[in-house]
Amino acid sequence: MKIYNLKSNAKVNVGLNILEKLENGYHLLDMIMLPISLSDNLLVKIDEEKTGDLKITTNDSAVPVDKRNIINKARNLFYENVNLSPLKMEIYLEKNIPAQAGLGGGSSNAAAVLIFLNEYHGKLLSDEELIKLGKKVGADVPFFILNKPARVQGIGEKIEEIENNLKTGILLIKPSFGISTESAYNLVDKLNDKKMADIDAIKKGVESSQLKLVEDSIENVLEQALLLESSELKEFKDKLQNIDKMKFFMSGSGSTYFSFMNEMDFLKYKEELDKLFNDCEVYFCNFK
């Protein structure tokens, strides 16, 4: 039996526009996605002598370990597409990225497993083929296969790599509640007056290290839709807005909010943040 250690990092959405809803129920998006250092760890054990199923275990009781886990879907699709019998595997998933947080933890896990299996079997699929396969697994998986700062459009499959020159770290605050991505998208149709992010300006600001331009251009249509019905989210956002000298933005479908911040400022505010958000998960990260 061989053992491998994989890292699987999170992302933040810096601006998120929903352009239209397609007949198949998917939404056309336009957004900037940046990988961050907060990561899950995956311990993969492979029995090279046997074919068989995948057994998943995890430190997070909220994460399903049966066929509902997106890692299972990724593994099965990979083997179907390369026409090989699946090797017997065990994966221990150490979750550090909170679930239902808008940080892409599940998609990142799936992408890490797809990349690993492709390399393990001698790169049977090209990068383009792997991205196409990732699209079948989940909308954010193609981004994590590239895993670089990008403008992401379509339903997640159109990825334009950009350069992130922002000279800052990032503070994440995840409240005690999560938000289902599906429920967030279901609320978008009720939103009559969308405030759209200026994605071109955000891209320019990220590439030219103009943080104020980035902050002034961010909007998140999913957040606007959620605030229509979620008093819990509204109360949490109000609490964030009462913090002096900090600007907070929601990542993806939430419930995590982030603020651009350097590490020295984080250490200065840490005690205050711990008191204010003692029921939350608070992280300081760097961009990858």
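All of these numbers come straight from a predicted model, not from anything done at the bench. (Residues numbered from 1 in each chain as written. Predicted model: local features only at pLDDT ≥ 70, side-chain atom pairs only at ≥ 80, totals over all residues. Heavy atoms only, no water.)

Draft legend 1. Quick peek at the side chain of Asp47. In this fold, Asp47 is placed in strand E2 (residues 27-51). It is Lys50 that comes nearest to the buried, bridge-free Asp47 among opposite-charge side chains, at 4.1 Å. (Helix = DSSP H or I, 4+ residues; strand = E, 2+ residues; numbered from the N terminus. Buried < 20%, exposed > 50% of the residue type's maximum accessible area, 1.4 Å probe, protein only. Lys, Arg positive; Asp, Glu negative; His and termini not counted. Salt bridge = Lys/Arg side-chain N within 4 Å of Asp/Glu carboxyl O.)

Draft legend 2. Helix H9 (residues 231-241), seen in detail. Turning to H9, its buried residues are Leu233, Phe236, Lys237 and Leu240. The buried residues of H9 occupy an angular sector of 100° when projected down its axis, which confines them to one face. For H9, the elements touching its buried residues are strand E7 (169-174), helix H8 (221-229), strand E8 (249-250) and strand E9 (257-261). (Arc of directions from axis to C-beta. Contact = heavy atoms within 4.5 Å.)

Draft legend 3. Spatial organisation of the packing of aromatic side chains. In the structure shown here, the tally under the stated rule is 13 aromatic pairs. Within the aromatic cluster, the residues linked to one another by ring pairs are Phe177, Phe236, Tyr257 and Phe277. (Phe/Tyr/Trp six-rings, centres within 6.5 Å; stacked < 30°, edge-to-face > 60°.)

Draft legend 4. View of the nonpolar core. With 65 residues, the main nonpolar core has Leu114, Ile173 and Leu273 as its most contacted residues. Leu103, Ile202, Ile218 and Phe249 belong to the second largest nonpolar core, which has 26 residues in total. (Core = buried A, V, L, I, M, F, W, Y, C linked by side-chain atoms within 4.5 Å.)

Draft legend 5. Focus on unusual backbone geometry. Between Gly254 and the following residue, Ser255, the backbone shows a cis peptide bond with an omega angle of 15°. Its place among the elements puts Ser255 in the loop between E8 and E9. Of note, Asn83 is a non-glycine position whose phi angle comes to about 60°, a positive value. On the secondary structure map, Asn83 appears in the loop between helix H1 (70-82) and strand E4 (87-94). Although it is not a glycine, Lys245 sits at a positive phi angle of roughly 65°. In this fold, Lys245 is placed in the loop between H9 and E8. Residue class for Lys245 comes out exposed when judged on its relative accessible area of 72%.

Draft legend 6. Broad picture of the packing of H1 against helix H3 (residues 127-137). H3 packs onto H1 with a crossing angle of 135° between their chain directions and a minimal axis gap of 10 Å. In terms of their interaxial angle, H1 and H3 are classed as oblique. Here H1 runs over H3; the crossing is right-handed. Across the interface between the two elements, Ile70, Lys73, Ala74, Leu77, Phe78 and Asn81 of H1 pack against Leu133, Lys136 and Val137 of H3. Of the residues belonging to the contact of H1 with H3, the class tally is six nonpolar, one polar and two charged. (Axes fitted to C-alpha atoms, helices over the stretch in contact; angles between N-to-C directions. Parallel < 35°, antiparallel > 145°, perpendicular 65-115°, else oblique. Left-handed = near helix turned anticlockwise from the far one by under 90°. Nonpolar A, V, L, I, M, F, W, Y, C, P; charged D, E, K, R; others polar.)

Draft legend 7. Local environment of the packing of helix H2 (residues 105-120) against H3. Two elements in contact, H2 and H3, have axes separated by 11 Å at closest approach and are oriented at 145°. The handedness of the crossing between H2 and H3 is right-handed. Side by side, H2 and H3 meet where Ala110, Leu114, Ile115 and Asn118 of the first sit next to Leu130, Leu133, Gly134 and Val137 of the second. Considered class by class, the residues forming the contact of H2 with H3 number six nonpolar, two polar and no charged.

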